[in-house]
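# Descriptive analysis of the structure
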Amino acid sequence: MTPFPAQYSTLSALALKDYITAAYGINLVSCKYLLRGVSDTYVLTAADARYILKIYRDQHRSLSEIQGEVELLNMLKEYGAKVSYPLVDIFGGQIQKFDAAEGTRYGIVLSYAQGKPVLDLDDEQLKTVGREMAAVHNITAVVKLNYARKAYTTDTTLTVPLNVLEPAFADLPDEYNYLKETATRVIQKLDTFDTEKFSYGYCQYDFLPKNFHFDDKGQITFFDFDFAGQGHLANDLMSFFVHFFMHVFTGKLTDEEADRMYQVFIAAYREVRPVSVEEINAIPYLGVGFWIFYLGFQYENFDDWSNLFFGPKFIKDRVALIKVWVDKYCEF
């Protein structure tokens, strides 16, 4: 009997334990399913170490995109950046192939980011984030990957996502018109900046505290470069600023304290890498692209990931949040 077609299967943790043990020569004690997101993540535990296994969906990342992510992480590790990096199997490879119910899926085993996320960062941690993000950018501004990754432009972060999102706003025309009008104003505003002078390279595009760990010695490890792509490196400064915006929005910080903390981060970043005043001034407008890009991504991945939360209430709340961002930080 031919199996009925599937669109998203969950690979057995027990079978993966045996597979990784053989493929990497690691004597694993356990393999535990950690989370189902846009990819599946497992925690691998050996007697003296832990690792992360990430298994992609074909609808989310093609093989060439995965190869680009692996290539970038290898370069970052080689040049000394504080990142979680892909391990090499016993055959010298880094990407595993699995024949799943829905078709071929690919996976990589990554070093474990020691420590834990810190949502309420102190000044020393802010300085560490600044210096180490700048160190990452010193590498990503000059390397060139053999495998293409997404480019973050006003087209890919504003125009295209809004076209994709239009059906989701069928019953919310006012909200959709607001986003369309705001996107037009943002594009016009960004055209007034001399973006040719902005630092350009591979940005992580999701530099939030959930994507780096601090250990007990204050050492940082960045991870989750799933959205890494070419663009203005100020996008990474912007995505970190989103953390402070959300802390203010939820009442955890005052505007004054958030601004002070962000300046501590920026000053530390500038100890390692320059960033212009104009790049900083562009952050609010790049941020509108960030919010709309991820809203479009959530809609595109409704069947396999976002259906638990993506609906009319979420959309209205997210547009309201974007409006707060625009009213607070953007000047047109």
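Scroll up for the structure.
Below: a short report on this structure. (Residues numbered from 1 in each chain as written. Predicted model: local features only at pLDDT ≥ 70, side-chain atom pairs only at ≥ 80, totals over all residues. Heavy atoms only, no water.)

Moving on, we come to the side chain of Thr 221. Among the structural elements, Thr 221 can be located in strand 8 (residues 220-222). The exposure class assigned to Thr 221 is buried, which follows from its relative accessible area of 16%. (Helix = DSSP H or I, 4+ residues; strand = E, 2+ residues; numbered from the N terminus. Buried < 20%, exposed > 50% of the residue type's maximum accessible area, 1.4 Å probe, protein only.)

So, about the environment of Ser 276. Topologically, Ser 276 is positioned in the loop between helix 7 (255-272) and helix 8 (277-281). A relative accessible area of 31% places Ser 276 in the partly exposed class. For the pair formed by Ser 276 and Asn 177, sequence separation is 99 residues and the distance between their alpha carbons is 33 Å.

It is worth spelling out the packing of aromatic side chains at this point. Counted by the stated rule, this structure contains 41 aromatic pairs. Here Tyr 19 and Phe 98 contribute two aromatic rings whose centre-to-centre distance is 5.0 Å and whose plane-to-plane angle is 55°, an arrangement assigned as tilted. Here Tyr 19, found in helix 1 (residues 13-24), pairs with Phe 98, found in strand 4 (residues 96-100); they are 79 residues apart in sequence, far enough to count as distant. For Tyr 19, a relative accessible area of 31% translates into the label partly exposed. (Phe/Tyr/Trp six-rings, centres within 6.5 Å; stacked < 30°, edge-to-face > 60°.)

Here the focus is the sheet that holds strand 5 (residues 103-111). Pairing is antiparallel in the open sheet, where 5 strands are placed in the order 1-2-3-5-4. Both outer strands of the open sheet, strand 1 (28-36) and strand 4, are each paired with one neighbouring strand and no more. Within this sheet the neighbouring strands show an average axis-to-axis angle of 25°, counted without direction. In this structure, strand 2 (residues 40-46) lies alongside strand 3 (residues 50-55), joined through 6 bridges in antiparallel fashion. Residue pairing for strand 3: Leu 44 is matched across the bridge by Tyr 51. Here helix 1 sits on the sheet in contact with strand 1, strand 2, strand 3, strand 4 and strand 5, set at roughly 125° to strand 1. (Pairing = 2+ DSSP bridges. Axes fitted to C-alpha atoms, helices over the stretch in contact; angles between N-to-C directions. Contact = heavy atoms within 4.5 Å.)

This part is about the nonpolar core. If you look at the biggest cluster of nonpolar residues, it comprises 95 residues, and the most contacted ones within it are Phe 169, Leu 237, Phe 240 and Trp 325. If one sorts the elements of this core by residue count, helix 9 (residues 283-300) sits on top with 11 residues. In contact with Leu 237, not counting residues within four places along its chain, are Met 133, Tyr 262, Phe 265, Ile 266, Tyr 269, Val 275, Ile 280 and Ile 283. One finds Ile 26, Tyr 42, Phe 98 and Ala 100 within the second-largest nonpolar core, a separate group that totals 18 residues. (Core = buried A, V, L, I, M, F, W, Y, C linked by side-chain atoms within 4.5 Å.)

Scanning the model with the defined rule gives 17 salt bridges in all. For Lys 54, the salt bridge identified is with Glu 69, shortest N-O distance 3.3 Å. Taken together, the residues Lys 54 in strand 3 and Glu 69 in helix 2 (residues 63-78) connect sequence positions 15 residues apart. A relative accessible area of 10% means that Lys 54 is categorised as buried. Owing to a relative accessible area of 3%, Glu 69 belongs among the buried residues under this scheme. The partner of Arg 131 in a salt bridge is Glu 271, with the nearest N and O atoms 2.9 Å apart. With Arg 131 in helix 3 (residues 123-140) and Glu 271 in helix 7, this pair connects stretches of sequence that are 140 residues apart. We classify Arg 131 as partly exposed; its relative accessible area is 29%. When salt bridges with common partners are traced through the structure, they connect Lys 54, Arg 61, Glu 69, Asp 224 and Asp 226 into a single cluster. (Salt bridge = Lys/Arg side-chain N within 4 Å of Asp/Glu carboxyl O.)

As far as function goes, none of this settles anything; it's purely spatial.
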